[in-house]
Amino acid sequence: GAGVSQSPSNKVTEKGKDVELRCDPISGHTALYWYRQSLGQGLEFLIYFQGNSAPDKSGLPSDRFSAERTGGSVSTLTIQRTQQEDSAVYLCASSLGEGIGANVLTFGAGSRLTVL
Amino acid sequence: RKEVEQDPGPFNVPEGATVAFNCTYSNSASQSFFWYRQDCRKEPKLLMSVYSSGNEDGRFTAQLNRASQYISLLIRDSKLSDSATYLCVVRGPYGGSQGNLIFGKGTKLSVKP
């Protein structure tokens, strides 16, 4: 597609349920990033993929969070046993893996997660 | 010291004003520098890269001072549509954390009529 696509755009869930958030990056972009942003706060880095591998998982806040990427394209961020503090906008971004284009991130519109 | 630090603001300025934001970074081996813009409840978008010699794009001027490890963004003749949060982004040395891209927490600008 023309841009980074994220789904769902909005998700309301009950505490303790699992959620899956999907990111479809720009075709040909080998680098993929997940961030989350709480209301009025800055971006919090979660995880970075280069192709299908995740060389940097340092931002995942707990073992309830996991992410995978298959075929060097679509990525899924899974949050198990959601807690209220997980409520935030989850942003995905992609870029070319190398060269000048590696510096230019294109973000999706985000998935807004609300945990009741 | 935080890796990338910005004054959170808010900067409240009248239309037509000139406003400047600074951003400091801690790793002297950082390679590349950028300003992103984030409108309220929207995703961040690249505003401009910051080159060593300084660069200008219309009303926007970005400068880099490697010796003092800061970058700046100057906006001249502010418009209402410039109201947004401006994010400083630094690409660290190879093998660094966060996929090598470190985002500052942003400086909020509000341009009033």
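Draft legend 1. Geometry of the overall build of chain B. Helices and strands together make up the secondary structure of chain B, namely 0 helices and 11 strands. Reading the secondary structure of chain B in the N-to-C direction produces β-β-β-β-β-β-β-β-β-β-β. A compact globule built from 113 residues would reach a C-alpha radius of gyration of about 13 Å, and chain B, at 14 Å, matches this within 12%. Projected onto the principal axes, the alpha-carbon positions of chain B cover approximately 45 × 30 × 20 Å.

Draft legend 2. View of the overall build of chain A. Tallying secondary structure elements over chain A gives 0 helices and 11 strands in all. Tracing chain A from N to C terminus, the helices and strands come up as β-β-β-β-β-β-β-β-β-β-β. Taking 2.2 N^0.38 as the reference for a compact globule, 116 residues should give roughly 13 Å; the C-alpha atoms of chain A span a radius of gyration of 13 Å, in line with that estimate. Once the C-alpha set of chain A is aligned to its principal axes, its extents read approximately 40 × 25 × 25 Å. Out of the 116 residues belonging to chain A, those deemed buried represent 46%. Partitioning the contacts of chain A with sequence separation of at least 6, the portion at a separation of at least 24 is 54%. Only carbon and sulfur atoms are counted for the fraction: they give 46% of the accessible area of chain A, which is about 5,400 Å². Positive and negative charge centroids in chain A, built from 10 and 11 side chains respectively, lie 5 Å apart.

Draft legend 3. Highlighting unusual backbone geometry. Going from Ser7(A) to Pro8(A), the amide bond is cis rather than trans, its omega being -10°. Examined against the element boundaries, Pro8(A) turns out to sit in the loop between strand 1 (5–7) and strand 2 (10–13). Along the chain, Gly9(B) connects to Pro10(B) via a cis peptide bond; the corresponding omega equals 10°. Within the fold, Pro10(B) resides in the loop between strand 1 (4–6) and strand 2 (11–14). We note that Arg81(A) has phi near 45°; this positive angle belongs to a residue other than glycine. Relative to the elements of secondary structure, Arg81(A) occurs in the loop between strand 8 (75–79) and strand 9 (88–95).

Draft legend 4. Region of the structure containing the interface of chain A and chain B. Taken together, the contact between chain A and chain B spans 19 residues of the former and 17 residues of the latter. Note on chain A versus chain B: buried area summed over both sides is about 1,500 Å², and carbon and sulfur give 54% of it. Three residues stand out in chain A for area buried against chain B, namely Leu43(A), Asn103(A) and Phe107(A), and they jointly supply 34% of the buried area on that side. Counting the contacts that link chain A with chain B gives 0 salt bridges. Secondary-structure elements contributing two or more residues to the side of chain A that touches chain B are strand 4 (31–37) and strand 5 (44–50) of chain A. In terms of residue count, the dominant contributor to the side of chain A that touches chain B is strand 4 of chain A (3 residues). Looking at side-chain class alone, the side of chain A that touches chain B contains 12 nonpolar, 5 polar and 2 charged residues.

Draft legend 5. Quick peek at the pairing of strand 7 (residues 65–69) of chain A. Residue and element names in this part refer to chain A. Summarising the sheet, strand 7 and strand 8 pair through 5 bridges and their orientation is antiparallel. Bridging from a neighbouring strand, glutamate 68 pairs with threonine 76 of strand 8. Linking strand 7 to strand 8, which pair antiparallel, is a turn of 5 residues; within it glycine 71 sits at a positive phi near 65°.

Draft legend 6. Quick peek at the sheet that holds strand 8 (residues 70–75) of chain B. All names here are of chain B. In spatial order, the strands read 1-3-8-7-6; together these 5 strands make up an open sheet with antiparallel pairing. Two strands lie at the open edges of the sheet, namely strand 1 and strand 6 (55–57), each paired on one side alone. The sheet shows a mean angle of 20° between the axes of neighbouring strands, taken without regard to direction. Across 6 bridges, strand 3 (residues 19–25) lies against strand 8 in antiparallel orientation. The residue bridging valine 19 from the neighbouring strand is isoleucine 75, located in strand 8.

Thresholds applied
- Sequence positions are assigned chain by chain, starting from 1 and proceeding in written order.
- Here every chain gets a letter starting at A, and every ligand a number starting at 1, in the order they are written.
- Local features in a predicted model are, by the rule used here, given only for residues with pLDDT of at least 70; side-chain atom pairs are given and counted only at 80 or more, and totals for whole chains, interfaces and linings are based on all residues.
- Note that the side-chain values use all heavy atoms of the structure and ignore hydrogens as well as water.
- Where helices and strands are cited, they refer to DSSP runs of H or I of at least four residues and of E of at least two residues respectively, numbered from the N terminus.
- Atoms considered for the radius of gyration are the C-alpha atoms alone. The globule rule reads 2.2 Å times the number of residues to the power 0.38.
- Only protein chains enter the accessibility calculation, which uses a 1.4 Å probe. A residue is then buried if its area is under 20% of the maximum for its type, exposed if over 50%, and partly exposed in between.
- Whether two residues are in contact is decided by their heavy atoms: any pair within 4.5 Å suffices.
- For the accessible areas, the method is Shrake-Rupley and the probe is 1.4 Å, while residue cover comes only from the protein chains on display.
- The charge count treats Lys and Arg as positive and Asp and Glu as negative. His and the chain ends do not count.
- Think of each charge as sitting on NZ of Lys, CZ of Arg, CG of Asp or CD of Glu.
- As used here, buried area is the combined drop in accessible area, with a 1.4 Å probe, of two parts when they are placed together.
- Salt bridge, as used here: a side-chain nitrogen of Lys or Arg that lies within 4 Å of a carboxyl oxygen of Asp or Glu.
- Following the grouping adopted for this structure description, the nonpolar residues are Ala, Val, Leu, Ile, Met, Phe, Trp, Tyr, Cys and Pro, the charged ones are Asp, Glu, Lys and Arg, and the polar ones are all others, Gly among them.
- Only strands that DSSP links by at least two bridges are regarded as paired with each other.
- Under this scheme, a helix contributes an axis fitted over its contacting stretch, all axes are lines through C-alpha atoms, and angles between N-to-C directions fall in the 0 to 180 degree range.

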